[in-house]
Amino acid sequence: MKKFLRALLLLLGLFLIFAGLLFFLQGSGMFPYPRSSFMINKTDWEIRGAPVLALGAAVLILRSLWRPRP
């Protein structure tokens, strides 16, 4: 069960990092794909992406610090 929880936290952290990075890069216009995306060059998505990215990093940091008891 402990290994499952650590794996789940890893997947959650990575997902949040990739989603936040995508939001941030599309909002800044640095990743304009697909061309018809409503997120491109919209500052709102930069502002939303940064905390999601930070939350994903925090999940991974806390996961690495958490050591389950034997």
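For the structure, see preceding data.
What counts as what
Residues numbered from 1 in each chain as written. Predicted model: local features only at pLDDT ≥ 70, side-chain atom pairs only at ≥ 80, totals over all residues. Heavy atoms only, no water. Helix = DSSP H or I, 4+ residues; strand = E, 2+ residues; numbered from the N terminus. Rg over C-alpha atoms; globule rule 2.2 N^0.38 Å. Buried < 20%, exposed > 50% of the residue type's maximum accessible area, 1.4 Å probe, protein only. Expected span 1.5 Å × (residues − 1). Contact = heavy atoms within 4.5 Å. Lys, Arg positive; Asp, Glu negative; His and termini not counted. Salt bridge = Lys/Arg side-chain N within 4 Å of Asp/Glu carboxyl O. Polar contact = N/O pair within 3.5 Å; in protein donor to acceptor, adjacent residues only side chain to side chain.

*Asks:* Let's hear about the overall build of the protein chain: which residues, and what values?
*Replies:* Helices and strands together make up the secondary structure of the protein chain, namely two helices and zero strands. The C-alpha atoms of the protein chain give 15 Å as radius of gyration, which overshoots the globular expectation for 70 residues (11 Å, by more than 25%). The principal-axis extent of the C-alpha atoms belonging to the protein chain is close to 50 × 20 × 15 Å. The buried share of the protein chain, reckoned over its 70 residues, is 23%.

*Asks:* Please set out helix α1 (residues 2-28) residue by residue, giving values where relevant.
*Replies:* Three- or four-residue spacings in an α-helix give side chains the same orientation, since the helix completes a turn every 3.6 residues. Here α1 spans 39 Å end to end across 27 residues, near enough to the 39 Å set by a 1.5 Å rise per residue. All buried positions along α1 are accounted for by Arg 6, Gly 13, Leu 16, Ile 17, Ala 19, Gly 20, Gln 26 and Gly 27. For α1, the elements touching its buried residues are α2 (43-65). In the stretch just after α1, Gly 29 is the one whose phi turns positive, near 85°.

*Asks:* Let's hear about the side chain of Arg 6: which residues, and what values?
*Replies:* Structurally, the position occupied by Arg 6 is in helix α1. Of the side chains bearing the opposite charge, Glu 46 lies closest to the buried Arg 6, which forms no salt bridge; the N-O distance is 32 Å. Among the polar contacts listed, one links the side chain of Arg 6 to the backbone oxygen of Trp 66, at a separation of 2.9 Å. In this view, Arg 6 contacts Arg 63, Trp 66, Arg 67 and Pro 68; residues no more than four positions away in its chain are not counted.

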